Amino acid sequence: FLGMQIVHLEHARAVLRVPYGERLAGNATSGVLHGGVITTVIDSACGVSVIAALGKRMGIATLDLRIDYLKPARPGEAVTAAAHCYKVTRNICFVRALAYHSDRDDPIANCAASFMITSLEPAGPGLTEDTL
């Protein structure tokens, strides 16, 4: 529904993008994207970075997702979320992420998140861009 795409994927890092769509605007007059769209792309990028850090599909769940919205998204522009899973413990994974348009140094939102590993058994085939 959102048209979310994986832009880049490597060990413990993921970059996802949502193209702009008028139907995703939270305010039809201004055309500014709904905050829920930004939350969704950030949460998704964080989750993919966790799976990439684990190296295989496993059951995970968002445990905590703190997002600081720094400014509104500009109408007509795609939103990109870049996430890095910087720490993996036996049960919890810790992630940082940014949402931005074209300049990572000018973020729309900043995120700190933690994910719980809910299953130690692989949830499917090995992790590749094709299997996400």
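Predicted model, so just to flag it, every value in this text is computed and none were measured.

Glancing now at the overall build of the protein. Summing up its helical and strand segments, the protein has 1 helix and 6 strands in all. The secondary structure elements of the protein, listed N-terminal to C-terminal, are β-β-α-β-β-β-β. Along the first, second and third principal axes, the C-alpha set of the protein runs to 50 × 25 × 25 Å. The burial tally for the protein puts 39% of its 132 residues in the buried class. Of the contacts formed within the protein by residues at least 6 apart in sequence, a portion of 64% connects residues at least 24 apart. Accessible surface, the protein: about 7000 Å² in total, of which carbon and sulfur atoms supply 51%. Computing the positive centroid from 12 side-chain charges and the negative centroid from 12, the protein places the two 6 Å apart.

Another aspect to go through is the nonpolar core. Within the largest apolar cluster, 36 residues are counted, with the highest numbers of intra-cluster contacts made by Ile-38, Ile-42, Cys-46, Val-79 and Val-95. Counting residues per element, this core draws most heavily on helix α1 (residues 35-54), which supplies 11 residues. In this view, Ile-38 contacts Tyr-69, Ala-73, Val-79, Ala-99, Ile-108 and Ala-109; residues no more than four positions away in its chain are not counted.

The tally for this structure, following the rule as stated, stands at 0 aromatic pairs. The aromatic ring of Tyr-86 is capped on one face by Arg-96, whose charged end is 3.7 Å from the ring centroid.

Here we take up the pairing of strand β1 (residues 5-10). Bridge count between β1 and strand β2 (residues 13-18): 5 bridges; the pairing is antiparallel. Within β2, the position partnered with Gln-5 by the bridge is Arg-17. Hairpin remark: β1 followed by β2, antiparallel, with 2 residues in the connecting loop; positive phi at Ala-12, about 70°.

Moving on: the confidence of the model for the protein. For the protein, the mean per-residue pLDDT works out to 88, and 90% of the residues sit at or above 70. Mean pLDDT across the elements of the protein bottoms out in strand β6 (residues 109-126) (80) and peaks in strand β5 (residues 92-100) (98).

Before going further, it helps to spend a moment on the side chain of Ser-49. Looking at where Ser-49 falls in the secondary structure, it is placed in helix α1. In this structure, Ser-49 is in contact with Ala-12, Arg-13, Ala-14, Ala-83, His-84, Cys-85 and Val-95, ignoring residues within four places of it in sequence.

All right, on to the pattern of salt bridges then. Overall, the coordinates contain 3 salt bridges when judged by the stated rule. One salt bridge connects Asp-68 with Arg-66, and the closest N-O pair in it is separated by 2.7 Å. For Asp-68, a relative accessible area of 26% gives the class partly exposed. A salt bridge links Lys-71 to Asp-106, with the shortest nitrogen-to-oxygen separation between them at 2.7 Å. With Lys-71 in the loop between β3 (56-69) and β4 (79-88) and Asp-106 in the loop between β5 and β6, this residue pair connects regions lying 35 residues apart in the sequence.

Definitions and cut-offs
- Residues numbered from 1 in each chain as written.
- Predicted model: local features only at pLDDT ≥ 70, side-chain atom pairs only at ≥ 80, totals over all residues.
- Heavy atoms only, no water.
- Helix = DSSP H or I, 4+ residues; strand = E, 2+ residues; numbered from the N terminus.
- Buried < 20%, exposed > 50% of the residue type's maximum accessible area, 1.4 Å probe, protein only.
- Contact = heavy atoms within 4.5 Å.
- Areas by Shrake-Rupley, 256 points an atom, 1.4 Å probe, with all protein chains shown as cover.
- Lys, Arg positive; Asp, Glu negative; His and termini not counted.
- Charge placed at Lys NZ, Arg CZ, Asp CG, Glu CD.
- Core = buried A, V, L, I, M, F, W, Y, C linked by side-chain atoms within 4.5 Å.
- Phe/Tyr/Trp six-rings, centres within 6.5 Å; stacked < 30°, edge-to-face > 60°.
- Lys NZ or Arg CZ within 6 Å of the ring centre and 35° of its normal.
- Pairing = 2+ DSSP bridges.
- pLDDT = per-residue confidence, 0-100.
- Salt bridge = Lys/Arg side-chain N within 4 Å of Asp/Glu carboxyl O.

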